[in-house]
Amino acid sequence: MSEQLGSGWPFVGRGGPLTTVREALRSGAGVMIAGEAGVGKSRLAAQALAGLRGYAVVRALGTETASMIPFGSFAHVLTGPPEEGENLLRWAARHLHAAGQPESASELLVSVDDAHRLDAASAALVHYLAESGEARLLVTVRSGEPQPEPVAALWKDELITRVELPPLTGEEVGQVLAGALGGEVAGETVRHLARVSGGNVLYLREVVHAGRASGCLAERDGQWHWRGELSVTTRLRELVSDRIGHLDADEREVLELVAFSEPVGAELLASLTSAQAVERVEDRGLVVSVAEGRRAQLRLGHPLYGEVVRAGCGTLRTRRLRRMLAEALESTGLRRREDRLRAAVWRLDSGSAADPGTLAAAARLAWGRQDPRLAARLARAAIDAGAGVATVALLGEILMVLGDADSALAALRRAARDAVTEGERAQHAISLGINLAWTGTDAEACRLLDVAAETISDPVLRQEAHIYRGVADFLAGRLRGAAGSLARALACRPATVRGTAHAAGLDAWIAAYSGRFQYAIAVADRALADVAGWGDEAPHALPTLLDARCAAQAFSGRLEEAARTAEEGMGLAAGELSVTGFGTYRALVSRLRGEAAEAARWCRDDAARLPVRTPYLGRCLGELAHALALLGRVEQARETLAEAEEPVARWPFTRQPVLQAAVWVAAAEGDLDEAVRLCVSAADLAEKHEQVGGLMFALHDLVRLGSPDLAADRLSALAEHVDGPLAGLFARHARATGHPAELAAVAGEFERLGLVLYAAEATAQEAAAYRDAGRGTLARGAQTRAWALARRCPGVTTPALVELATPELTPRQREIVRLAAAGLTNREIADRLTLSTRTAANHLQAAYDKLGVNDRTQVGRLLAALQ
């Protein structure tokens, strides 16, 4: 549902409350809509009235000014004095009936906005109307505000129905934004605006206006994105300040301290201000208390309170408040790791002194908490304060995942001469080695890490060197080499929390991409169950384990589980992780389900989150090109594919999705011979680099393209040692060509696993097999089922589905028709297929005759019917 009202913002996400309100108005005495300021109570009431017929409507508004005058809110309709001795409530009701012109309607309906502000007489009138049945009521009130007793009695005495209107959910915020902005909104932007606005429609609208005015919210590449910090406009400041209300000096300081520190312990805050001031601010809902273990933590009552309060503090006041917070927290002894991190950040932000050791330790904590930007800031501050090579090594790893490996390498090379102790030399070599591997300088990376592993005497650091050597092998597509490095790492004793977690990540990664899917999932699940014990120590392990689990789930056909893991990974740190691109996996799941448009949306969302110079961006763009090709957006797909090429060149496991996308771009262009050639090449490269999941899908693509003979034997061999149902099912599909009953069974398995596109294609092939066997009735039944499955893949076109739409054509005619529909001339078709121009023209004319069309335009329309 998306209906427009005068504000221009769509009315969405309120279908349930709207139905409840309308039904209550029709069947009872009326409705009270209650909710926080700005959640859309008035809009809901107006929308409910807009859909009603047969009522004479009188509207009133409660205001502070009118509340000082008897019947002030109804003064516009009470035009004459009461008759002598007439009851005032009956007199007022008589005028309401007259104002509503009941002769043109069957019943009077009185709508009162902000009824909590009514004067006593107006409140009594509203209660009288409901109790006497003189009119139906539609009133709105603000939750948490005191109400006149007659108004409160309306719902307490069950005279009318009370409907609580909550803030918009994240999904509803997305719907509102898409309607208001007139286009697709990036998922990260939706989540950001939902968090900042708290689902409050009024705040959301003002934040959007502020974002557009400042340029933070802008359309880029067909999607709306938010980038940068919120600029608090005058309108937004006034709106939020009005909600906050008047504060005395103590209350203001309470709110400011929470704004700069949330969540903050209640005891710590009271020690800086006063317990009474804290209680007063909490009573007003400006801060809320949440339990965190045995501690009571305070947060702001709404995210925008913090934006406005912080914007109102000058530089010196801001520094003083942060210094107060740091000193108060340090006086408690910094018993928790989180306390040490927060104190260091407050010290840094307040400009007060912090020693390099404290800053470096805080940088490691921030890195462990998957906040690489904060970690980089703290590490730089520590280096500026005199921290040594170990901190430079830490900064090198952080910059790498932030997409700035060149700066990392430069800093590490400068620091090489300062590495004196064995520990410093080891940490420097490990950081430099992984940066080199990340940038594709494979030989130097391996040499450096090998030397480190051979010469380091400390078993803890030697284990880390072996693990990073294994990662270098993995990135280069040498999974057996990575397994050897892992074995050497596990032989190092004693085991540490960090080493064990990173080893588990590498173990799961190797297994996931080499076809041992169940083992990969088991390793990842076991390690992730104890993430609280190692999360701060092993920053690379968490995203690596999630990537491994997600890959294994997707490659083994566990689509629901893969989607959940992908979304968990997307929620970690806005894409700035050592292993990232989880939105690409989420897109893969959507594509396999036949939801190519949704896959494209996930990819665009992921691309906006990823650093520009990371190979994971290439993987994401490859998946996007694949989805666009399936949707028939050939030009966009080709451009996206070209954009994907450069970032992925150095890593086989991120390159594989780009190679497979190229197959489907060629197929969308109508060049099936080229698509098959590219598919064989992609399969060969996947096999060379031990990418079993990519190999499975590349070989199965040959089956989907109509060349099962090129894949059947290799798929059967894979099925003998690869976990999960997909390898065996792909092999069955390859062997089922020409056997309609087996194709039907394969299609049923695909559908059961949620691979709807594959099910549609297999069923289309079943229909063709029955047709070739002269079994028309069975062919028509299969064709009907194939169309039903194809309709669950909106907009998707593949060769098998084209055959479903053009069963009269030969394979050669179908290929020529697709090329003609793509805009190629007869000569270009002939050159592409190595035919004479006359032969190409004859094939095309024969296809026209069979299809009952006359030209390329009509052929294009026929194929577009699939979409």
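Small disclaimer: the values here were computed from a predicted structure and weren't measured.

### Remarks on the overall build of the protein chain
Within the protein chain, the secondary structure is distributed over 45 helices and 13 strands. Projecting the C-alpha coordinates of the protein chain onto the three principal axes gives extents of approximately 100 × 80 × 40 Å. Buried residues in the protein chain amount to 55% of all 867 residues. Counting only contacts in the protein chain whose residues sit at least 6 apart along the sequence, the fraction spanning at least 24 positions is 66%. Accessible area for the protein chain stands at about 35,400 Å²; split by element, carbon and sulfur atoms hold 50% of it. When the 97 basic and 108 acidic side-chain charges of the protein chain are each reduced to a single mean position, those positions are 3 Å apart.

### A few points about the sheet that holds strand β9 (residues 217-220)
The three strands are arranged β8-β10-β9 in an open sheet whose pairing can be described as mixed. Edge positions in the open sheet fall to β8 (184-185) and β9, since each of these has one partner strand only. One ladder, built from four bridges, connects β9 with strand β10 (residues 223-226); its direction is antiparallel. When the bridges of β10 are listed, Leu217 appears paired with Trp226.

### Focus on the sheet that holds strand β3 (residues 30-35)
Spatially, the five strands line up as an open sheet ordered β4-β5-β6-β3-β7, and their pairing is parallel. With one partner strand each, in any of the chains shown, β4 (55-61) and β7 (161-164) form the two edges of the open sheet. Averaged over all neighbouring strand pairs, the angle between strand axes comes to 15 degrees, with direction disregarded. Here strand β5 (residues 107-113) runs beside strand β6 (residues 136-142); their pairing, made up of four bridges, is parallel. Note on β6: the bridge partner recorded for Ser111 is Leu138.

### Considerations on the packing of helix α20 (residues 422-438) against helix α21 (residues 442-455)
Across the interface, α20 lies against α21 with an axial gap of 8 Å and an inter-helix angle of 155 degrees. Between α20 and α21, the angle falls in the class roughly antiparallel. Between α20 and α21 lies a crossing of left-handed hand. Across the interface between the two elements, Glu422, Ala429, Ile430, Leu432, Gly433, Leu436 and Ala437 of α20 pack against Glu444, Ala445, Leu448, Leu449, Ala452 and Thr455 of α21. Among the residues making up the contact of α20 with α21, the classes are represented as nine nonpolar, two polar and two charged.

### Things to note about the side chain of Arg604
By the secondary structure assignment, Arg604 is in helix α30 (residues 596-609). Filtering out sequence-adjacent residues up to four positions away, Arg604 remains in contact with Glu184, Asp221, Gln223, His225, Leu624, Leu628, Arg633 and Gln636.

### Some points on the pattern of salt bridges
Using the criterion set out here, one finds 52 salt bridges in the structure. The shortest N-O distance in the salt bridge between Asp536 and Arg337 comes to 3.5 Å. Here Asp536 is found in the loop between α26 (531-534) and α27 (541-555), whereas its partner Arg337 is found in helix α15 (residues 337-350), with 199 residues between them in sequence. In this structure, Glu645 and Arg655 form a salt bridge, with 3.2 Å as the shortest nitrogen-oxygen distance. One end of the pair, Glu645, is in helix α32 (residues 634-648); the other, Arg655, is in helix α33 (residues 652-668), with ten residues separating them in the sequence. Among the charged side chains, a salt-bridge network with shared partners connects Arg252, Glu253, Glu256, Arg317 and Arg320.

### Side note on unusual backbone geometry
The peptide bond linking Glu262 to Pro263 adopts the cis configuration, its omega dihedral lying at -5 degrees. Summarising the element assignment, Pro263 is placed in the loop between α10 (249-261) and β11 (264-265). In this structure, the amide linkage connecting Arg493 to the following residue, Pro494, adopts the cis form with an omega of 5 degrees. In this structure, Pro494 sits in the loop between α23 (479-490) and α24 (497-514). Phi is positive for Gln370, close to 60 degrees, though the residue is something other than glycine. On the basis of relative accessibility, which here comes to 7%, the residue Gln370 falls in the buried class.

### Focus on the nonpolar core
Ranked by internal contacts, the top residues of the largest apolar core, which has 178 residues, are Phe474, Trp509, Tyr513, Leu545, Met696, Leu705 and Phe750. Considering every element that reaches this core, the biggest residue donor is α33, with eleven residues. Aside from chain neighbours lying at most four places away, what touches Phe474 is Leu479, Ala482, Trp509, Ile510, Tyr513 and Phe653. Among the nonpolar cores identified, the runner-up in size contains 57 residues, and Val173, Val176, Val232 and Leu272 belong to it.

### So, helix α16 (residues 356-368)
Helix length check: α16, at 13 residues, gives a terminal C-alpha distance of 18 Å against a target of 18 Å (1.5 Å per residue), a fit within 8%. Among the residues of α16, those classed as buried are Leu359, Ala360, Ala362, Ala363, Leu365, Ala366, Trp367 and Gly368. The inward-facing, buried residues of α16 abut α15, α17 (372-384) and α18 (389-401). Sitting at the head of α16, Asp355 places a side-chain oxygen 3.0 Å from the backbone nitrogen of Gly357. Once α16 finishes, Gln370 follows within two positions and takes phi at roughly 60 degrees, a positive value.

### Here we look at the environment of Thr79
By secondary structure assignment, the location of Thr79 is in the loop between β4 and α3 (88-99). On the basis of relative accessibility, which here comes to 69%, the residue Thr79 falls in the exposed class. Sequence separation between Thr79 and Leu96 is 17 residues; the distance between their C-alpha atoms is 9.9 Å.

### Structural notes on the side chain of Arg586
Note that Arg586 resides in helix α29 (residues 582-592). Side-chain polar atoms of Arg586 contact the side chain of Glu567, separated by 2.8 Å. In this structure Arg586 touches Ala563, Ala566, Glu567, Met570, Arg593, Glu598 and Trp602, once residues within four positions along its chain are discounted.

### A few points about the confidence of the model for the protein chain
Looking at the protein chain, the pLDDT average stands at 89 and 94% of residues meet or exceed 70. Looking across the protein chain, the model is least confident in strand β1 (residues 3-4), with a mean pLDDT of 38, and most confident in helix α25 (residues 517-528), with 97. Within the model, pLDDT remains below 50 along residues 1-6, and this stretch shows 19 contacts once partners closer than five positions in the same chain are excluded.

### Digging into the environment of Leu298
Its location among the elements puts Leu298 in strand β13 (residues 295-300). In this view, Leu298 contacts Val258, Glu262, Pro263, Val264, Ala266, Leu269, Val278, Val288 and Ser289; residues no more than four positions away in its chain are not counted.

### Observations regarding the packing of aromatic side chains
Tallied over the entire structure, the rule returns 13 aromatic pairs. Each ring, one from Phe730 and one from Phe750, has its centre 6.2 Å from the other, and the planes form 50 degrees; the classification is tilted. Of this pair, Phe730 sits in helix α37 (residues 725-735) while Phe750 sits in helix α38 (residues 740-753), placing them 20 residues apart in sequence. Looking at Phe750, the relative accessible area reads 0%, which means it is buried. A ring pair is formed by Phe750 and Tyr758, whose centres lie 5.5 Å apart and whose planes are at 75 degrees; its orientation type is edge-to-face. For Tyr758, a relative accessible area of 2% translates into the label buried. Among the aromatic side chains, those forming a connected cluster through ring pairs are Phe474, Trp509, Tyr513, Phe517, Phe555, Phe697, Phe730, Phe750 and Tyr758. The aromatic ring of Trp155 is capped on one face by Arg162, whose charged end is 4.4 Å from the ring centroid.

Procedures and definitions
- Residues numbered from 1 in each chain as written.
- Predicted model: local features only at pLDDT ≥ 70, side-chain atom pairs only at ≥ 80, totals over all residues.
- Heavy atoms only, no water.
- Helix = DSSP H or I, 4+ residues; strand = E, 2+ residues; numbered from the N terminus.
- Buried < 20%, exposed > 50% of the residue type's maximum accessible area, 1.4 Å probe, protein only.
- Contact = heavy atoms within 4.5 Å.
- Areas by Shrake-Rupley, 256 points an atom, 1.4 Å probe, with all protein chains shown as cover.
- Lys, Arg positive; Asp, Glu negative; His and termini not counted.
- Charge placed at Lys NZ, Arg CZ, Asp CG, Glu CD.
- Pairing = 2+ DSSP bridges.
- Axes fitted to C-alpha atoms, helices over the stretch in contact; angles between N-to-C directions.
- Parallel < 35°, antiparallel > 145°, perpendicular 65-115°, else oblique.
- Left-handed = near helix turned anticlockwise from the far one by under 90°.
- Nonpolar A, V, L, I, M, F, W, Y, C, P; charged D, E, K, R; others polar.
- Salt bridge = Lys/Arg side-chain N within 4 Å of Asp/Glu carboxyl O.
- Core = buried A, V, L, I, M, F, W, Y, C linked by side-chain atoms within 4.5 Å.
- Expected span 1.5 Å × (residues − 1).
- Polar contact = N/O pair within 3.5 Å; in protein donor to acceptor, adjacent residues only side chain to side chain.
- pLDDT = per-residue confidence, 0-100.
- Phe/Tyr/Trp six-rings, centres within 6.5 Å; stacked < 30°, edge-to-face > 60°.
- Lys NZ or Arg CZ within 6 Å of the ring centre and 35° of its normal.

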